[in-house]
Amino acid sequence: MLNQKIAKIFYQIGEYLEMEDVPFKPQAYEKAGRVLESLSKDVGEIYKEKGLQGLKKIPGIGESMAKKIEEFIKTGKIKRYEELKKKCPVNLEELSRIEGLGPKMIKILYQELGIKNIKDLEKAAKKHLIQKLYRFGPKVEENILRGIEFSKKSKGRFLLGFVLDTVKLIEKRLNDLDEVEIAMVAGSVRRRKETIGDIDILVVAKNSQKVMDFFVSMPEVEAVYSKGSTRSSVRLNLGLDADLRVVKKESFGSALQYFTGSKEHNISTRRIAQEKGLKLNEYGVYKRKNQNKWERIGGASEEEVYQLLGLPYIEPELRENRGEIEAGLKGRLPKIVKYEEVKADLHMHTTWSDGSHTIEEMVKEAKRLGREYIAITDHAGELKVAGGMSEKEILLQIKEIEALNKKIKGIKILKGIEANIKVDGTIDVDEKILKRLDLVIASVHSKFKMSKKEMTKRICRAMQNPYVNIIGHPTGRVIQQRAGYDLDFEEILKEAKRTNTFLEINAYPDRLDLSDINIKKAVEAGVKLTIGTDSHHKNQLRFLELGIAQARRGWAKKSDILNCLPLKEFLKKIKKF
DNA sequence: GCCGTTTTCGGCCCGACTGTTTTCAGTCG
């Protein structure tokens, strides 16, 4: 929480400095903001443990910013920021969200028209006051109004899981065209980020005009923003924008690398190019010939781009500038788990609790999707709103699963439950029953707002239960809805390792809990993980892919994921004793 | 303001697009 707050202030300081035309500092603040945002550890804790020196170890944070962080921890304020804000007291966060509006324009709008927020901005635009300003015109005014409308309508980013199918469909359709040599989705979708802002697709085409015609007339297209011969831009009925770009075959690799991002990863790769006397852009890799002549030396494939930079191929899911470049240079990039290596889905619900399908229906769909084994893990115990099973029902369900295992071949069904971790950390199902199951997931479903200390103790105690194998959705976050419970994650990892308990990567689109950053921490701590979809409907079983993507983004190897194991070994490893 | 297997000083990623201008500034990804 502290990290996000300070990050926001740093972003704003950067924007204020940009208004003043201060060179280089804006980028420094912006970078520091991004680093803080994706930092896994709270700066408050870093400061408490290691002081100012600890803060300065954070990349992008030096003397001056460390002191500002210290100031914020101690006083809740940063003087420099308050000064800048006094000079230009506008709602920067709100205004810079408007597409096309940056610090320089915001400053002029404030000085000339006293515009402080979106409300003021909308009023001024409707009165046509903006187009009278120097270097502004009717088009700028129009764009501002459109930007305001968009920001009102759009919810911002979209969950990957709810758009991935459509993206894949569009990609496949394009690839099926005779005119298309290759079509590939780039951007945050290709990196499998948990939320995405828009869709970028690249194609190599023999006849680009025909491809563009096809693209803008797809049934999913709601509006066409622009249609050209090399780039078209549309809004899909899902509510998000999609761009299609035609690139030359010889540039496909560098274009794919460029448009896949992340921005931070690209900045790093271009810096490496520069250090080697090369230049990297979306058209290729270039070598300096003389003063101002560059010679193209590659760019047809991504592999070639990375190779010319002296790097191994870096999987898209790793391209977040979280150490993949450094690891690549040292030859220490991990071999991350492959999509086809995960054999099982370890978390799902049926009509026995709050699911929509019978066990048999779920099993058949899971088999169709190629799973080798699955665990049925209906709610049990006190969670009556979610149809928690009584102990009697659990025993009946065990019988049904045993019968189905005899009936259905080619997939094995494991007997499990999702039990509740009560406030005191105990499990609300009797050990006599737990004993008879293949695996037990224990999750927090109540009283989310406990103190950090209490919640950590609560989950640690659950892990001490000899029959609890997996902690479900360990941090309890719901993307775009609520932050996770307050936890000492380091402590959780220690206890998980000590008690041989596994942490879940919940693959449900709005959970993806553990997050990529927490997965990386768990992997580093040697804690093993399981992936489960938490499906409540058979159509949700396909979300396993999202959990694997998340594992890959967290640098997890095959050996870190328990459900990569064949069934027999899995059953041995899951047991605590 | 940050950073350093060439540096504690002198660099800092790159190009396209847009709208406003007659050569460029601002914004974006």
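The rules behind each value
Residues numbered from 1 in each chain as written. Chains lettered and ligands numbered in written order. Predicted model: local features only at pLDDT ≥ 70, side-chain atom pairs only at ≥ 80, totals over all residues. Heavy atoms only, no water. Helix = DSSP H or I, 4+ residues; strand = E, 2+ residues; numbered from the N terminus. Rg over C-alpha atoms; globule rule 2.2 N^0.38 Å. Buried < 20%, exposed > 50% of the residue type's maximum accessible area, 1.4 Å probe, protein only. Contact = heavy atoms within 4.5 Å. Pairing = 2+ DSSP bridges. Axes fitted to C-alpha atoms, helices over the stretch in contact; angles between N-to-C directions. Domains from an automatic or database assignment. Buried area = accessible area lost by both parts, 1.4 Å probe. Near = heavy atom within 4 Å. Nonpolar A, V, L, I, M, F, W, Y, C, P; charged D, E, K, R; others polar. Salt bridge = Lys/Arg side-chain N within 4 Å of Asp/Glu carboxyl O. Phe/Tyr/Trp six-rings, centres within 6.5 Å; stacked < 30°, edge-to-face > 60°. Lys NZ or Arg CZ within 6 Å of the ring centre and 35° of its normal.

Tallying secondary structure elements over chain A gives 24 helices and 17 strands in all. Relative to a compact globule of 577 residues, whose C-alpha radius of gyration would be 25 Å, chain A shows 26 Å and is just as compact. Along the three orthogonal principal directions, the C-alpha set of chain A runs to about 80 × 65 × 50 Å. Every one of the 577 residues in chain A was classed for burial, and the buried ones make up 52%. Counted over contacts in chain A with a minimum sequence separation of 6, partners at least 24 positions apart contribute 67%.

The element strand S4 (residues 199–205) is extensively covered by neighbouring structure, given that 7 of its 7 residues are classed as buried. Of the two faces of S4, the one holding Ile199, Ile201, Val203 and Ala205 and the one holding Asp200, Leu202 and Val204 are both buried throughout. Relative to S4, strand S2 (residues 180–185) runs antiparallel, the two being bridged by 5 bridges. Paired with Ile182 across the two strands is Val204, which belongs to S4.

Read across the sheet, 5 strands follow the order S2-S4-S7-S6-S5 without closing on themselves; strand pairing throughout is mixed. Strands at the two margins of the open sheet, each flanked by one partner only, are S2 and strand S5 (221–227). In this sheet, neighbouring strand axes are inclined to one another by 20 degrees on average, regardless of whether the strands run parallel or antiparallel. Judged from the 5 bridges that link them, strand S6 (residues 231–236) and strand S7 (residues 241–246) form a sheet pairing that is antiparallel. Each bridged residue has a counterpart across the sheet, and for Arg235 the counterpart in S7 is Asp241. Along the sheet face, helix H13 (residues 252–260) touches S2, S4 and S7 and points at about 175 degrees away from the line of S4.

Moving on to the domain arrangement of chain A. Domain annotation for chain A reports domain 1 (2–153), domain 2 (159–246), domain 3 (263–329) and domain 4 (339–574). Distance from the C-alpha centre of domain 3 to the C-alpha centre of domain 4: 40 Å. With 8 residues of domain 3 at the contact, the number on the domain 4 side is 8 residues. Counting each side, the surface lost to burial between domain 3 and domain 4 is near 720 Å², with a carbon and sulfur contribution of 46%.

Another point: the protein's contact with DNA strand B. Taken together, 38 residues sit near DNA strand B, with Gly60, Gly137, Tyr258, Arg270 and Arg271 positioned nearest. Secondary-structure elements contributing two or more residues to the surface near DNA strand B are helix H2 (25–38), helix H4 (63–75), helix H7 (103–113), helix H9 (138–153), helix H14 (263–275) and strand S8 (278–281). Looking at the surface near DNA strand B, the element that brings in the most residues is H14, giving 5 residues. Its residues assigned to classes, the surface near DNA strand B comprises 17 nonpolar, 9 polar and 12 charged.

Moving on to the pattern of salt bridges. Following the criterion strictly, the structure yields 48 salt bridges and no others. Note that Lys249 is salt-bridged to Glu181, the shortest N-O span being 3.0 Å. With Lys249 in the loop between S7 and H13 and Glu181 in strand S2, this pair connects stretches of sequence that are 68 residues apart. For Lys249, a relative accessible area of 55% corresponds to the exposed category.

We now examine the sheet that holds strand S16 (residues 502–506). Pairing within the open sheet is parallel, and its 7 strands lie in the order S11-S12-S13-S14-S15-S16-S17. Both outer strands of the open sheet, strand S11 (344–345) and strand S17 (529–532), are each paired with one neighbouring strand and no more. Examined bridge by bridge, strand S15 (residues 470–471) and S16 share 2 bridges and lie parallel to one another. Considered in S16, the bridge of Ile470 is made with Phe502.

Per the counting criterion, the structure on display carries 9 aromatic pairs. Consider the rings of Tyr16 and Tyr81, whose centres lie 6.5 Å apart with planes at 50 degrees: the pair is tilted. With Tyr16 in helix H1 (residues 2–19) and Tyr81 in helix H5 (residues 79–87), this residue pair connects regions lying 65 residues apart in the sequence. Both residues of the pair, Tyr16 and Tyr81, count as buried. The ring of Tyr286 has Lys279 sitting right over it, with the charged end atom 5.6 Å from the ring centre. In this arrangement the basic side chain of Lys520 is found over the ring face of Trp555, its NZ or CZ atom lying 4.2 Å from the centre.

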